[in-house]
Amino acid sequence: QRLMWPWQKRPASHPKPSSGMRIGKWDVEERVLGEGGYGKVTRAYDRTASPPVMAACKWIDTRRMRRSAIEREVHINRKLRHKNVAAVLDYHFVEPTAFVFFEFCTGGELFERVISAGKIAEAEARTYISQLCQGLAHCHARGVPHRDIK
């Protein structure tokens, strides 16, 4: 099985029934996939799309990050359309939380993959580094420094 990294996108196949809440057009699950400095990430589904779209929903505490900063990050990300950059699909504010919906990427972080494996083959590493460089080059060509490389 080929591993999927955050810069590789995978469409939803068969969304599971919602077990969370509705934010705009999104059914947001409550099971946490990951956590970071500003919040957590869960899975969400846009069931109005055909076929349904699966997304990563980043929950950001607006008491820890200003609304204007979140809106600026969304605006900047929307300039970026590249196969190796996870795009923002939508966002909503339900105080005190901002919900930012990104393309869903599977496979975890490259760092975790290397640590758990102990090492990776040179050819595999070359593929990942090439994808990473292509995504970064796209960002930099548009004047966007990337601060969250996974």
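**Remarks on the confidence of the model for the protein chain**
Residue-level pLDDT values for the protein chain average 84, and 85% of them are 70 or greater. Below pLDDT 50 for its whole length, residues 1-18 participates in 59 contacts with residues either more than four positions away or in separate chains.

**Quick look at the side chain of Asn77**
With respect to the helices and strands, the residue Asn77 is situated in helix α1 (residues 67-77). Dropping the residues within four chain positions of it, Asn77 is found in contact with Ala86, Ala87, Val88 and Phe102.

**Quick word on the packing of aromatic side chains**
Inspection of every chain in the model, using the stated rule, returns three aromatic pairs. Arranged with centres 4.7 Å apart and planes meeting at 10°, the rings of Trp26 and Phe101 form a pair that is stacked. Separated by 75 residues along the polypeptide, Trp26 in strand β2 (residues 26-35) and Phe101 in strand β6 (residues 97-103) bring together distant segments of the chain. Relative accessible area serves as the criterion here: at 1%, Trp26 is assigned to the buried category. Consider the rings of Tyr91 and Phe93, whose centres lie 5.9 Å apart with planes at 90°: the pair is edge-to-face. Here the guanidinium or amino end of Lys40 rests over the ring plane of Trp59, the centre of that ring lying 4.1 Å away.

Basis of the calculations
Residues numbered from 1 in each chain as written. Predicted model: local features only at pLDDT ≥ 70, side-chain atom pairs only at ≥ 80, totals over all residues. Heavy atoms only, no water. pLDDT = per-residue confidence, 0-100. Contact = heavy atoms within 4.5 Å. Helix = DSSP H or I, 4+ residues; strand = E, 2+ residues; numbered from the N terminus. Phe/Tyr/Trp six-rings, centres within 6.5 Å; stacked < 30°, edge-to-face > 60°. Buried < 20%, exposed > 50% of the residue type's maximum accessible area, 1.4 Å probe, protein only. Lys NZ or Arg CZ within 6 Å of the ring centre and 35° of its normal.

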